[in-house]
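# What the coordinates show
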There are 2 protein chains.
Amino acid sequence: MPNDHSLTPPKSALQPGQLLARGVCRHMQTHNFVTVEELVPTSGLRVDIMALGPKCEIWVIECKSSRADFMGDQKWQGYLEWCDRFFWAVDEDFPTDLLPEGTGLIIADAYDAEILRMGPQSKLAAPRRRVMMQKFARHAAQRLHRLRDPDSAFPGSGLGR
Amino acid sequence: MPNDHSLTPPKSALQPGQLLARGVCRHMQTHNFVTVEELVPTSGLRVDIMALGPKCEIWVIECKSSRADFMGDQKWQGYLEWCDRFFWAVDEDFPTDLLPEGTGLIIADAYDAEILRMGPQSKLAAPRRRVMMQKFARHAAQRLHRLRDPDSAFPGSGLGR
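Taking an unreviewed UniProt entry as the reference, chain A is identified by name as MmcB family DNA repair protein belonging to Harenicola maris.

This is the structure we're talking about:
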């Protein structure tokens, strides 16, 4: 069941992976990318961060706070078909030699991040890119709407009240 | 100079036009549209509401709280080229015979709205639709990011601190 932990939690409520995500999202702004968290590209998958670039590049970034967190991820290869590039984001103590080849690497903390290795590019086909742009736009607008008008019901989102 | 009045103001701070916008945005959800407020399609223009539909329809909705508010709008015709359909949103006391022909009409209050007359469709060309989708996605994600991480700087947005 989806949780709503990306909706303006107090800082103290953020889990280690969410703190990494915060730093990554801050850093992506410096590349003129915008970001959303917890987007569902297709049923059963939910990415930590989807980033949309100035040329409509679509990147997926999975945040791993520990070896155990990484080892428990059975789904990451399923994300590859939904993005142009895939990255891991980990902190500086993470044993990065665990990470599979052919993936990007971002070192992050709660405040910023740095791209150490670009994920190889595998460009989305135009129709899928359009679909992902639409999903990104809808996801961002729905989350924003919930924050700017919390009393609004959200039919079909399972979040009405 | 842009103001940030769409960023979760207390309800009491909402102006009449913003209350109409709130009702309109709530109603658009029932049509499976998502919405953002105060989007800038091109330099010098800022729409009250841009709504994105389930088939990537792009509608612009201008909220007018009074005759004076409407009479002071010299820019609305400039919005037509940025959307598939254009609507006015007014309250039930507004003298709707003031409104130009060939535009849509929504009657709204702070809590809900109803589409009384569809704006005629003038479909965007595919390249412009893609641009508007991107602008919508970036606008929504940037506003959302500012709310979920208020301490983040926003380079290039003029809102850094």
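So much for the structure itself; the text now carries on.
Residues and elements named next belong to chain B. A large share of strand β5 (residues 104-108) lies buried, amounting to four of its five residues. By the bridge criterion, four bridges tie strand β4 (residues 85-90) to β5 in an arrangement that is parallel. The partner of Trp88 across the bridge, within β5, is Leu105.

The interface is formed by 38 residues belonging to chain A together with 38 residues belonging to chain B. Roughly 3,100 Å² of surface becomes buried between chain A and chain B when both sides are summed, with 56% attributable to carbon and sulfur atoms. Three residues, A:Gln29, A:Arg138 and A:Arg148, lead the burial of chain A against chain B; their summed loss comes to 22% of the area buried on that side. In this structure, A:Asp149 engages B:Arg26 in a salt bridge whose closest nitrogen and oxygen atoms are separated by 2.6 Å.

The next point concerns the state of the cysteines. All names here are of chain A. For the coordinates displayed, the defined rule picks out zero disulfides over all chains. Counting only cysteine sulfurs, Cys63 is the nearest neighbor of Cys83, a cysteine outside any disulfide, at a range of 14 Å. Of the residues examined, Cys83 reaches a relative accessible area of 2% and is grouped as buried.

Here we come to the pattern of salt bridges. Residues and elements named next belong to chain A. With the rule as written, the count across this model stands at 14 salt bridges over all chains. Of the charged contacts, one joins Arg46 and Glu38 as a salt bridge, the two residues approaching to 3.0 Å between their closest N and O atoms. When its relative accessible area of 30% is taken as the criterion, Arg46 is described as partly exposed. Its relative accessible area of 11% is what places Glu38 among the buried residues.

What follows covers the pairing of strand β2 (residues 47-52) of chain B. Residues and elements named next belong to chain B. Burial analysis of β2 places five of its six residues in the buried class, which makes it a mostly covered element. Relative to β2, strand β1 (residues 34-39) runs antiparallel, the two being bridged by five bridges. Paired with Glu37 across the bridge in β2 is Ile49. Relative to strand β3 (residues 58-64), β2 runs antiparallel, the two being bridged by four bridges. Looking at the pairing, Met50 lines up with Val60 of β3.

Taking strand neighbours across the sheet as the criterion, the six strands line up as β1-β2-β3-β4-β5-β6 (chain B) in an open arrangement whose pairing is mixed. With one partner strand each, in any of the chains shown, β1 and β6 (113-117) of chain B form the two edges of the open sheet. Sheet twist, expressed as the average angle between the axes of neighbouring strands with direction ignored, equals 30°. The pairing of β3(B) with β4(B) spans six bridges and is classified as parallel. Residue pairing for β4(B): B:Ile61 is matched across the bridge by B:Phe87. Packed onto the sheet, helix α3 (residues 126-148) of chain A meets β1 and β2 of chain B and runs at close to 75° relative to β1(B).

What counts, and where the lines are drawn
Residues numbered from 1 in each chain as written. Chains lettered and ligands numbered in written order. Predicted model: local features only at pLDDT ≥ 70, side-chain atom pairs only at ≥ 80, totals over all residues. Heavy atoms only, no water. Buried < 20%, exposed > 50% of the residue type's maximum accessible area, 1.4 Å probe, protein only. Helix = DSSP H or I, 4+ residues; strand = E, 2+ residues; numbered from the N terminus. Pairing = 2+ DSSP bridges. Contact = heavy atoms within 4.5 Å. Buried area = accessible area lost by both parts, 1.4 Å probe. Salt bridge = Lys/Arg side-chain N within 4 Å of Asp/Glu carboxyl O. Disulfide = S-S within 2.5 Å. Axes fitted to C-alpha atoms, helices over the stretch in contact; angles between N-to-C directions.

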